[in-house]
Amino acid sequence: MIRRVLLVPALVAVTVVPGGAAFAQGAAPVTAIRNATILTITKGTIDKGTIVIRNGKIAAVGANVDVPRGATEIDATGLFVMPGIIDAHSHIAVDGAVNESSLSVTSMVGVEDVLNPKDIDIYRGLAGGVTSANVLHGSANAIGGKNAVIKLRWGKDARGLLFEGALPGIKFALGENPKRASAAGGNAERRYPATRMGVIDVIREAFVEARAYQATWRAHEAAVKAGDRTAIAPARDLRLEPLVEILEGKRLVHAHSYRADEILQLIRLAEEFKFRIATLQHVLEGYKVADEIARHGAGASTFSDWWAYKVEAYDAVPHNAALMTDRGVLVSINSDSAEEHRHLNQEAAKAMKYGGLTEDQALELVTINPALQLGVDKRVGSIEVGKDADLVLYSAHPLSTFAIPRQVLIDGVVYFDREKDLQQRQVRAAQKQALKDKARSTGTAKPTAPDTTPKAETTTPGQEDLR
């Protein structure tokens, strides 16, 4: 049985399935969000607007939109609606270590094989308005593993997290991390490379091999096409196949980088082998070489104001995102942190203080810009007809420090509902206490830490533990 519940104080009507799963509410055939301030990102702001969602897609948006009869309605009076936040650099939902650091080139491994759908950081990201994330291999390797672009569909299995049709990518890394990483950590003997020139040599050598591997396969395919029935296919090399995909424009490069000199090194190498870098990640000295980055066509995904946490970051400035934007670079703000991703809207707002970006430009840093960088802009990143209904309903303007996500939808399904979360905490606290009482009564209780489960009636808004 499906019924509507009126939430207080936001006056938001949502579809609820009694007794159903806690992580998501079933999507109605047609849903209408009404009376909202809609921040479309690409088409301006609509006051008292309506969004009609049909089969997980945005079917209509505007100030004067007819709501189909029988649609489930969400009254968003006083709320702001924006596209779901896209985190262009994340390490959530990875089961085990994020680095395969035994080799300098590990392009044969992939994050998709170790996605962990039970990682609580998925849910916490949802609570912060994040709907998509680029989950990357670590930075221990000059060429690391393949990435996985996911949607934060809390409660789905690992395959259900994957962003269908997203362009495949791979992680590169420059500078201190790949040159210092050793085969086994600790006191193990160092592996090559140990210098910046060694890092770029490793990458160049890998592409020399990949180009030769590509030529071998092309020769084989030409022989088969010419009718040679004796042609034997070359042995597959899973390390080189992703690099051939880069050469053929089928796989995106996301490169961990800090210093201006190493950024220029990789740009020159990419142009030598005739491929384009999709994003320079971190890129804290990007402002020094913004013209070169823009000319190459690479995007830049950076922090808002992290600097001086290691020697490579000493020349970072909080104006970096704005300065690169002004020079024509496509810029996004990312988290690289399971904590930071919960407030990327506020991180984007800092670019207004440091660099004077407009509200629209600041919001682009966490919506349409990362969508463009990941090649998923036809699906997400703005509120437009035909795009996925990945939306966040905020209690205030999302660039405000007082803004709290009230509901988060992915593909038109409510995956996070603040009011429901608060209600469920009381239920979970009661269940936990019942188990403790039962253990004591049967004499099986063990010493435990005090119960610190948050209680809805005593919780300060914005400070909830979303476990």
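Everything numeric here is computed off the predicted structure, so don't read it as measured data.

Let us now look at the pairing of strand 11 (residues 148-151). Side chains of strand 11 alternate between two faces, with Ala148 and Ile150 and Val149 and Lys151 buried alike. Both strand 9 (residues 130-135) and strand 11 contribute to a ladder of four bridges, which runs antiparallel. By the bridge assignment, Ala133 is partnered in strand 11 with Ile150.

Right, let's get into the packing of helix 4 (residues 196-225) against helix 6 (residues 260-272). Closest axis-to-axis distance for the helix 4/helix 6 pair is 11 Å, and the angle between their directions is 15°. Between helix 4 and helix 6, the crossing angle belongs to the class labelled roughly parallel. Handedness of the helix 4/helix 6 crossing: right-handed. Residues Arg196, Ile200, Ile203, Arg204, Phe207 and Arg211 of helix 4 touch helix 6, and the partners they reach there are Glu262, Gln265, Leu266, Leu269 and Glu272.

The next subject is the confidence of the model for the protein. Mean pLDDT over the protein: 90, with 87% of residues reaching 70 or higher. pLDDT under 50 marks residues 1-23. Its contacts with residues more than four places away, or in other chains, come to 54 contacts. Contacts of residues 456-467 to residues separated by more than four positions or lying in other chains number 28 contacts, the stretch itself having pLDDT below 50.

Read across the sheet, three strands follow the order 8-9-11 without closing on themselves; strand pairing throughout is mixed. Each edge of the open sheet is held by one strand with a lone partner, namely strand 8 (85-90) and strand 11. Between one strand axis and the next, the sheet turns by 15° as a mean value, whatever way the strands run.

Once that is clear, we can look at the pattern of salt bridges. Here the idea is simple: oppositely charged side chains can pair when their charged atoms come close. Taken as a whole and assessed by the stated rule, the structure comprises 33 salt bridges. Between Glu176 and Arg196 there is a salt bridge, and its shortest N-O distance comes to 2.9 Å. In this pair, Glu176 is assigned in helix 3 (residues 176-180) and Arg196 in helix 4, connecting sequence segments 20 residues apart. The same class applies to Glu176 as to Arg196, namely buried. Counted as one network, the salt bridges with shared partners bring together Lys57, Lys151, Arg153, Glu164, Arg379, Asp388, Asp390 and Asp411.

Bringing the sheet that holds strand 16 (residues 331-333) into the picture now. Pairing within the open sheet is mixed, and its six strands lie in the order 10-12-13-14-15-16. Each edge of the sheet is formed by a strand with only one pairing partner; in this case those strands are strand 10 (143-146) and strand 16. Averaged over all adjacent pairs, the angle separating strand axes in this sheet is 25°, with direction ignored. Sheet topology note: the strand 15 (residues 299-302)/strand 16 ladder contains three bridges and is parallel. By the bridge assignment, Ser301 is partnered in strand 16 with Ser332. Lying on the sheet, helix 6 is in contact with strand 12 (169-173), strand 13 (252-257) and strand 14 (279-282); it crosses strand 13 at an angle near 160°.

Here we take up unusual backbone geometry. In this chain, Tyr192 is followed by Pro193 through a cis amide linkage whose omega measures 10°. Structurally, Pro193 is set in the loop between helix 3 and helix 4. Even without a glycine there, the phi angle at Lys274 is positive, about 60°. Within the secondary structure layout, Lys274 lies in the loop between helix 6 and strand 14. Residue classification places Lys274 among the exposed residues on the basis of a relative accessible area of 70%. Even without glycine at this site, Val283 takes up a positive phi of about 40°. Mapped onto the fold, Val283 is located in the loop between strand 14 and helix 7 (290-296). Taking the relative accessible area as the measure of exposure, Val283 reaches 0% and is therefore buried.

Thresholds, definitions, all that
- Residues numbered from 1 in each chain as written.
- Predicted model: local features only at pLDDT ≥ 70, side-chain atom pairs only at ≥ 80, totals over all residues.
- Heavy atoms only, no water.
- Buried < 20%, exposed > 50% of the residue type's maximum accessible area, 1.4 Å probe, protein only.
- Helix = DSSP H or I, 4+ residues; strand = E, 2+ residues; numbered from the N terminus.
- Pairing = 2+ DSSP bridges.
- Axes fitted to C-alpha atoms, helices over the stretch in contact; angles between N-to-C directions.
- Parallel < 35°, antiparallel > 145°, perpendicular 65-115°, else oblique.
- Left-handed = near helix turned anticlockwise from the far one by under 90°.
- Contact = heavy atoms within 4.5 Å.
- pLDDT = per-residue confidence, 0-100.
- Salt bridge = Lys/Arg side-chain N within 4 Å of Asp/Glu carboxyl O.

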